Amino acid sequence: MSIKIALAGNPNTGKTTLFNALTGTSQYVGNWPGVTVEKKGGTLKGHRDVEIMDLPGVYSLSPYTLEEVVARNYLVTERPDAILNIIDGTNLERNLYLTTQLMELGIPVVAAVNMMDVVRKNGDKLDTKKLSDTLGCPVTEISAIKGEGVMEAAEKAVEAAGKAAVPPPHRFNGTVEHALAHIEELVLHNLPETQQRWYAVKLFERDEKVIQQLALAPDKIAHIEGDIKACEDELDDDAESIITAERYNWIGSIIGKCCRRRSQGKLTVSDKIDQIVTNRILALPIFVIVMGLVYAISMGGWAISIGTAATDWANDVLFGEWVPGLFDTILGAAGIAEESWLYGLIQDGIVAGVGAVLGFVPQMLVLFLLLCILEDVGYMARIAFIMDRIFRRFGLSGKSFIPMLVATGCGVPGIMASRTIEQDRDRKMTIMTTGFMPCGAKMPIVGLFAGALFGGSWLVATSAYFIGIAAVIISGVMLKKFKMFAGEPAPFVMELPAYHVPNPSNVLRGTWERGWSFIKRAGTVILLSSIVLWFLQGYGFVDGVFGAVEDNNDSILAAIGNAAAWIFYPLGWKGDMAWKATVASVTGLIAKENVVDTFGVLYHYAGDIDLIEDSTPLWSMVAADFSAITAYSFMIFNLLCAPCFAAMGAIKREMNNTKWTLGAIGYMCGFAYAAAMVVYQIGGLITGEAAFSVFTVIAFALLLGLIYLVFRPYRESTASRLNERSVARA
Amino acid sequence: MQTLKNAAIGSTVRVVKLHGEGAVKRRIMDMGITKGVDIYVRKVAPLGDPVEVMVRGYELSLRKADAGMIEVE
C-alpha cells in the first residue's frame, strides 16, 4: 500500500524547492508568493511507494481564496497519511498559525523548519527540541535550497504516517471550548474522533462550505448558532476573530520559550537594500532604470540589445537561410519538385509560418531570463509595491505592470506573465487588456500607414502607443464597475520577501519553462494555422474549377474577404480597399506580421516589404486606396482587435475557462470595432468625408455610452464574496 | 477613529479592533493582524499607497483602503 504525504505551508516558504529536492522533478520556483496554484504530485526519491503532494501555499485554511480551498479540500477529503508542514524559520509566528490549524485535522503532522541557514546567519536561536515538545509533533531543521536535512524530514513524515495523529496542543478559551464540545456532541459524534475537532472549529466559525458539506438539519444549525452567539456576546467579538486571535495569542505565548531573536530591531542587508530601492524619492527613478535596462537588453535596438540581435539572427539566418536550405536539400533528395504542392506546403506554409514565430524565441528567452532574475532576487514584489497605486485606479494591481511591459515586445509572454497575480479579478482583467498593448508585430502596420498617408510622421507611431495604453486604461476603468468583476474580493495583502542572491538553476529553469510553453504552442496552434492559411490563400475556384491559383485574388481567402467586407462598412472600409483590408485583418489574426505582407500580396507588390524604410511603391498604392481617416480606422481596428492566434492560445490557457476566453476575445474585437467606427464616423463627418447617416448616430451613441461607462459612479466593494465559479473550478 | 491608515510612519501602534467583514477581514487576521498586536509602520510606497508594516516579525504591505479598517491606538 502506498503512503501519501502532503506538503503544506505558507506561500514563499520553499515548498516547491523542497518538493523538487524530494522527488527529483523540476517544478518552477519563484521568490514570489503564490507560484503554485494547482497541486502537483510526485514520488519520493528512493521510496517508490511514497507519494508526495505539493499543495498551493496558504496562510490559513479559511474558505475564502482559491488556493486555500484547493489545499483544504485535498486535506479534508483525500486525507493524506501525513502532512509535512514546511515552516519559514525566519517568520515563525505567522507560519505556526497554519500549523495550529493543520494539527486539528487529525492527520499526523511533521514540521520542517526551513531556511535554518538564514536563521543562524541572522544570529537568531531556535530551539526545535522545545518547539517539538510544545507542539507535540516531530520538528526537524532543513535547508531546502541546499538540500540539508530534506530526506530526514521526509523519512520522519513516512514514519509518522504509520502512527496515530497527536491531539492538537492548543486549547481555546474556556467558553469557546465549551461551545466546541457542544457542537461535537450535537452533530459530529458519528465522525471519527480525531476529525471532530477540525469540523467543530469550522462550524464555530460559521464556515459555509463545511455547513453545506455536513448537510446539517436547520434545527441543529439554530442550536449551534445559539452557542456561538452566547460565546460572541461573552467575549465581545465575532466567532472568526475569536478563533484567529486565540491562535495567535497562543503562538505568541510559546514563541518566547523556543526562539530568541538577536536580529530584532536590527537592520538586515535586505532591509538596507530596501531602504534605497523602495525609498520614497529614489524608488521610481531606480524602477525606471531597471525596467529600461530590461527593455533595452531584450527588445531595444542598441549594442547591448542581445535579445534583438539574437532574434534578428534567428529570423534572417536560421529561419531565413539555414532551415529553408535544409528543407530544400531534403525535398530535393526526396525528388519533390519546387512546383509541387507538397513543396509549397512545407516551405511556404510550415517553414515560413512557424519560422516567423520561432524567430522570436531567442528574444523571449533573454527577456524571460532577465525577468526570472528580478523575480528570484525579490525585486518583482517591490515593483508591485511601487506600482500598485497607479494600476489600482484601472482595476488592475501593481502586479499587472510586468505583463504590460512584456506585451510591448510580444503579447504571448505578456499574457503568460499574468499568472503571478493572485487576485482572480486582477488577473482576468490583466489578461483581457494586455493584448491591447502595441506589440512588436503591430509596428509594421503603423509603419506602413504612417509612411503611406502621414508622411512618415512620428506622431502616428507615438499615437499607436497611446491608443494601446488608453485602451488598457479605459477598459480597466470601465470593466471594474461591472458586477462580474466588482463582486470579487481583492484584499491586497502582500509579503515583501527578503532579497537573496539569484539561484542559477532556479533562474534557468524558470526561463526554460516559460520559453518552452511558447515553443510548444508554435508547434501546435501556429503550425496548424500556417497550414490552413497557406491553403486558403493558395487555392480557389478559377472558371468553376478548384485548384491552385496563380492570382491570390481568386483564392478562397479573397472570397471570404469579399463576403465579409460588409461587416466593416461602418468603419469606412469601402470601395476597392474593402476586401483587401478585410483579408489583411483576417490574416492578422494568425500573426500581426501578416497584415503588411498580405497588403503586399494583394497589391501584387513584388519586392521585399521592409517595413518603414523603402517601400515607396507600395505606399503610393495604399495611399491611392485609403484616405487618412480610413487608414486610421483600419490601424485602430488592427491594433486593438483580438490578438494573433498565439496570443489567443495564451489567453485560453491562462483563463482556463472557455466562457472567459471567448468573452475576452469578443470584448477586444468589440472595443476595437467601436473605437474604429467612432474615429471614422465622427472624424469623417468633420472632414466631410463621411456623410451623416445612421452610422453617425450609432457612433455618437457608442461614444456617449463609453463616456458614461467610464465616468458612472462606482464604489469599490469591500463586502466580499468568494467567486463561486472559481471555486467550482478548483 | 484612529486607524492604521493615518498612523504616522515610524510609529508603533496597537490594534484595538478590526472592522469590515468576510474575506477581507479574515485575510487581514490570517496575516497576523489581530486584536492587541503591535504594528510598526515601516514606510509608505513612493506614490502614497500601499503601506509597509512590520507585524509579528515580518514585513507585510497592505493598501490604505484595507488599513482604514484596522482601528488602532
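Residues numbered from 1 in each chain as written. Chains lettered and ligands numbered in written order. Predicted model: local features only at pLDDT ≥ 70, side-chain atom pairs only at ≥ 80, totals over all residues. Heavy atoms only, no water.

Looking now at the overall build of chain A. Across its full length, chain A carries 33 helices and eleven strands. Here the C-alpha atoms of chain A give a radius of gyration of 30 Å, agreeing with the 27 Å that 2.2 N^0.38 yields for 730 residues. The principal-axis extent of the C-alpha atoms belonging to chain A is close to 90 × 60 × 55 Å. Out of the 730 residues in chain A, the part that is buried amounts to 56%. Intrachain contacts of chain A at a sequence separation of at least 6 include 70% that bridge at least 24 residues. (Helix = DSSP H or I, 4+ residues; strand = E, 2+ residues; numbered from the N terminus. Rg over C-alpha atoms; globule rule 2.2 N^0.38 Å. Buried < 20%, exposed > 50% of the residue type's maximum accessible area, 1.4 Å probe, protein only. Contact = heavy atoms within 4.5 Å.)

Turning next to the overall build of chain B. Of the regular secondary structure elements, chain B holds two helices and five strands. When the helices and strands of chain B are placed in sequence order, the string is β-α-β-β-β-α-β. Over its C-alpha atoms chain B spans a radius of gyration of 11 Å, differing by no more than 12% from the 11 Å that the globule rule assigns to 73 residues. With the principal axes as the frame, chain B shows a C-alpha extent of 30 × 25 × 20 Å. The 73 residues of chain B split such that 62% are buried.

Turning our attention to the nonpolar core. Residues and elements named next belong to chain A. Within the largest apolar cluster, 90 residues are counted, with the highest numbers of intra-cluster contacts made by I383, F401, I402, F449, F599, F626 and F634. With nine residues, helix α31 (residues 658–687) is the single largest residue contributor to this core. Beyond its immediate stretch of four places on either side in the chain, F626 contacts F449, L453, M577, A581, F599, Y603, A631 and F634. Membership of the second largest hydrophobic core comes to 58 residues, among which are I83, L98, Y199 and I255. (Core = buried A, V, L, I, M, F, W, Y, C linked by side-chain atoms within 4.5 Å.)

Residues and elements named next belong to chain A. Bridge analysis of strand β10 (residues 539–542) against strand β11 (residues 545–548) gives four bridges, and the strand direction is antiparallel. Pairing of G540 across the sheet is with G547, part of β11. Hairpin geometry of β10 and β11 is characterised by an intervening segment of two residues between the two adjacent antiparallel strands and by a positive phi of about 50° at D543. (Pairing = 2+ DSSP bridges.)

What follows covers helix α14 (residues 306–333) of chain A. All names here are of chain A. Along α14, the largest kink reaches about 40° and is centred on L318. Considered for burial, the residues of α14 that qualify are G307, T308, T311, A314, V323, P324 and L331. Where α14 terminates, the next one or two residues include G335, which has phi positive at roughly 80°. (Bend = angle between axes of the 7 residues up to and from the residue.)

Strands in a sheet are paired, the pairing made by backbone hydrogen bonds, and the direction either parallel or antiparallel. All names here are of chain A. Taken together, the six strands give an open sheet; going across it, the order is β2-β3-β1-β4-β5-β7, and neighbouring strands pair in mixed fashion. Of all strands in the sheet, those bounded by a partner on one side alone are β2 (40–43) and β7 (139–141). Taking the axes of each pair of neighbouring strands and ignoring which way they run, one obtains an average angle of 25° across the sheet. The sheet contact formed by strand β1 (residues 3–9) and strand β3 (residues 50–54) spans five bridges and is parallel. Paired with A6 across the two strands is M53, which belongs to β3. Those strands touched by helix α3 (residues 92–102) are β1, β4 (82–88) and β5 (109–114), and its axis lies near 165° from that of β4. (Axes fitted to C-alpha atoms, helices over the stretch in contact; angles between N-to-C directions.)

The next point concerns the packing of aromatic side chains. Residues and elements named next belong to chain A. Going through the model one piece at a time under the given rule, you end up with 23 aromatic pairs over all chains. Linked through ring pairs, F449, F568, W573, F626, F634, F637 and Y673 together constitute an aromatic cluster. K574 extends its terminal NZ or CZ atom over the ring of Y569, reaching a point 4.6 Å from the ring centre. It is R712 that lies over the ring of F482; its NZ or CZ is 5.1 Å from the centre. (Phe/Tyr/Trp six-rings, centres within 6.5 Å; stacked < 30°, edge-to-face > 60°. Lys NZ or Arg CZ within 6 Å of the ring centre and 35° of its normal.)

Residues and elements named next belong to chain A. Taking 1.5 Å per residue, 13 residues should reach 18 Å; helix α29 (residues 628–640) reaches 18 Å between its end C-alpha atoms and fits that length. Of all the 13 residues making up α29, eleven are buried; the element is thus mostly covered by neighbouring parts of the structure. All of the buried residues in α29 are I629, T630, A631, S633, F634, M635, I636, F637, N638, L639 and L640. Each element contacted by the buried residues of α29 is listed here: α21 (443–453), α22 (458–479), α26 (577–590), α27 (593–602) and α31. (Expected span 1.5 Å × (residues − 1).)

Turning next to the packing of helix α5 (residues 128–135) of chain A against helix α11 (residues 239–258) of chain A. All names here are of chain A. For the pair α5 and α11, interaxial distance at closest approach is 9 Å and the crossing angle is 145°. The two elements α5 and α11 cross, and the hand of that crossing is right-handed. Here K130, L131, T134 and L135 of α5 come into contact with α11, specifically with W250, I254, K257 and C258. Tallied by class, residues from the contact of α5 with α11 come to five nonpolar, one polar and two charged. (Left-handed = near helix turned anticlockwise from the far one by under 90°. Nonpolar A, V, L, I, M, F, W, Y, C, P; charged D, E, K, R; others polar.)

Checked against the element boundaries, D54 of chain A lands in strand β3. A polar atom in the side chain of D54 of chain A sits 3.4 Å from the side chain of T16 of chain A. (Polar contact = N/O pair within 3.5 Å; in protein donor to acceptor, adjacent residues only side chain to side chain.)

Looking now at the interface of chain A and chain B. It is common to give the size of an interface as the accessible area that goes away when the parts come together. Listed as interface residues are 50 residues of chain A and, on the opposing side, 33 residues of chain B. With both chains or domains summed, chain A and chain B bury close to 3900 Å², and 54% of this area falls on carbon and sulfur atoms. The largest contributions to the chain A side of the interface with chain B come from R280, F385 and V493 of chain A, which together make up 17% of the buried area. Where chain A touches chain B, the interface holds eight salt bridges. We note a salt bridge from E93 of chain A to R56 of chain B, for which the minimum N-O separation is 3.3 Å. On inspection of chain A and its partner chain B, the count reaches 13 residue pairs in polar contact (both at pLDDT 80 or more). Of all the elements in the fold, those that place two or more residues in the side of chain A that touches chain B are α3, α11, α12 (269–277), α13 (283–299), α17 (379–392) and β9 (493–495) of chain A. (Buried area = accessible area lost by both parts, 1.4 Å probe. Salt bridge = Lys/Arg side-chain N within 4 Å of Asp/Glu carboxyl O.)

As a further point, take the packing of α21 of chain A against α22 of chain A. Residues and elements named next belong to chain A. Relative orientation of the contacting elements α21 and α22 amounts to 145°, with a least axis distance of 9 Å. Pair α21 / α22 crosses with right-handed handedness. Within the contact between the two elements, α21 uses M443, V446 and A450 and α22 uses V460, A461, A464 and Y465. Residue composition of the contact of α21 with α22, grouped by class: seven nonpolar, no polar and no charged.

What follows concerns unusual backbone geometry. Of the consecutive residues D49 of chain B and P50 of chain B, the connecting peptide bond is found in the cis state with omega at -5°. Structurally, the position occupied by P50 of chain B is in the loop between β2 (38–44) and β3 (51–55). Non-glycine residue M115 of chain A carries a positive phi angle of around 60°. Tracing the backbone shows M115 of chain A in the loop between β5 and α4 (116–121). Overall, the relative accessible area of 22% leaves M115 of chain A in the partly exposed class. Residue R206 of chain A is not a glycine yet carries a positive backbone phi of 60°. Structurally, the position occupied by R206 of chain A is in the loop between α8 (193–204) and α9 (208–214).

Residues and elements named next belong to chain A. A contiguous nonpolar surface patch, about 450 Å² in accessible area, is contributed by I289, L293, W302 and I304. With respect to the element layout, L293 can be found in helix α13. Residue classification places L293 among the partly exposed residues on the basis of a relative accessible area of 45%. (Patch = residues over 30% accessible without salt bridge, like charges linked within 9 Å, V, L, I, M, F, W, Y side chains within 5 Å. Areas by Shrake-Rupley, 256 points an atom, 1.4 Å probe, with all protein chains shown as cover.)

Right, let's talk about the confidence of the model for chain B for a bit. Residue and element names in this part refer to chain B. Overall, the prediction assigns chain B a mean pLDDT of 90, with 100% of residues at 70 or greater. The least confident element of chain B is helix α1 (residues 22–30), whose mean pLDDT is 86; the most confident is strand β5 (residues 70–72), at 94. Taken over the whole predicted complex, pTM reads 0.77, whereas the ipTM for its chain interfaces reads 0.95. (pLDDT = per-residue confidence, 0-100.)

What follows is about the confidence of the model for chain A. Residue and element names in this part refer to chain A. This prediction gives chain A a mean pLDDT of 83; 91% of its residues lie at or above 70. Low confidence marks residues 606–614, where pLDDT is under 50. Its contacts with residues over four positions away, or in another chain, come to eleven contacts. When the criterion is pLDDT under 50, residues 717–730 qualifies, and its contacts beyond four places in sequence or with other chains add up to 33 contacts.

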